[in-house]
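# Overview (structure and organization)
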Amino acid sequence: MSESNLRVFLACTTSLCLSLPATAQSFPAAPDHGKLLATGGVATVEAAGGGGLSPWALISGYGSEDSYGITAHVSTLRTQDYQLKTGGIALGIADKLELSLGQQQLSGSRAPLDQLVLAQDIVGIKLKLSGDPVADQDRWQPQIAIGALYKHDHRLAGLAALGVDNVRQLGAVDTHGIDYYLAASKLLLANSLLLNGTIRLSKANQMGLLGFGGDLHDRYQIMPEVSLAYLLERHWVGGIEYRAKPRNLSVDQEKAYYDAFLAWFPNKHVSLTLAYVTLGDITIFNPAKQRGWYLSLQTGY
């Protein structure tokens, strides 16, 4: 992260923290775990709280409005040509503010990209604007949150034979960028159902792993994301997700992401998520539609 971007991020974080209620600025020694099981969601591949692919309006962790919660995750996604490894932490403050740090690494397994390695760091912030998933059962109003994800590529390796060592050489305009999003989550306890819709403004290519903007487009585009989660029983949640993607690079016929997932919440300290994922094409060098399995372990305090 550049020094100027870091200053902006820290300034925004400080102002948001100062706007929290006074009770949220003197935390208890340990989280109170006051939220219902599974209402913090799981970690996305970008470290924000939500589903595996899309951030939700819910705040990570189980801390109530008088407390806080901390989560950490590691995950792996394998398709026929690639492997994506992610890891990160998230802090939920007063069930209103979420701060997250994440890292992604994509590696290739089939020629000509079997030596490919792409990596990026992600810093996230999310602020709840209104609503409560449990208290608003008698109203239509969802919980609404806004968020931002600052992303910075820090590695491209394995394409030396093509003379490529930077995503700009593949057509990307920048190696860093920010996704902005607005999310709405509605929990229907009587129907054991959670619905989420997210609108993202993004210039990211493959979540940012291939840079930002490109030779086809270099402007923010509105990308819709939809999630549906059903409580199968108290400890098991199944669902589906859809995430639209921009197409900015001529070398990458980028497609939408889909998944069907099953998450297990044995308690408020750990969850395990298994999903079948479709990622579409990744690059023209391996043009097959990428499908595979995703596994994520999240722990919390």
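Structural notes, computed from the coordinates.

## Structural notes on empty space enclosed by the protein
Evaluation of the coordinates by the stated rule reveals six cavities of 30 Å³ or more. One number sums up the size of the second largest cavity: a volume of about 110 Å³. Lining the second largest cavity are 13 residues, and of these Leu116, Leu159, Leu170, Leu210 and Thr283 sit closest to its centre. Among the residues making up the lining of the second largest cavity, the classes are represented as twelve nonpolar, one polar and no charged.

## Quick look at the sheet that holds strand β7 (residues 143-157)
Spatial strand order, β3-β4-β5-β6-β7-β8-β9-β10-β11-β12-β13-β14: twelve strands in a closed barrel with antiparallel pairing. On average, each strand axis in the sheet is inclined to that of its neighbour by 20°, with strand direction left out of account. One ladder, built from ten bridges, connects strand β9 (residues 193-202) with strand β10 (residues 221-233); its direction is antiparallel. The residue of β10 that forms the bridge with Leu195 is Leu228.

## Some points on the environment of Leu149
The topology assignment puts Leu149 in strand β7. Sequence-distant contacts of Leu149, that is, excluding residues within four places in its chain, are made with Glu46, Ala48, Ile122, Val123, Gly124, Gly177, Ile178, Asp179, Tyr181 and Arg200.

## A look at the environment of Gly213
Positionally, Gly213 belongs in the loop between β9 and β10. You can call Gly213 buried: its relative accessible area is 0%. For the pair Gly213 and Lys203, spaced ten residues apart in sequence, the C-alpha separation works out to 5.1 Å. In this structure Gly213 touches Gly171, Ala172, Val173, Lys203, Asn205, Asp218, Asn248 and Leu249, once residues within four positions along its chain are discounted.

Conventions adopted
- Residues numbered from 1 in each chain as written.
- Predicted model: local features only at pLDDT ≥ 70, side-chain atom pairs only at ≥ 80, totals over all residues.
- Heavy atoms only, no water.
- 1 Å grid on protein atoms, 1.4 Å probe; cavity = no way out; pocket = protein on both sides within 12 Å on 5 of 7 lines; lining within 4 Å.
- Points joined across faces, edges and corners; volume = space filled by probe spheres on them.
- Nonpolar A, V, L, I, M, F, W, Y, C, P; charged D, E, K, R; others polar.
- Pairing = 2+ DSSP bridges.
- Helix = DSSP H or I, 4+ residues; strand = E, 2+ residues; numbered from the N terminus.
- Axes fitted to C-alpha atoms, helices over the stretch in contact; angles between N-to-C directions.
- Contact = heavy atoms within 4.5 Å.
- Buried < 20%, exposed > 50% of the residue type's maximum accessible area, 1.4 Å probe, protein only.

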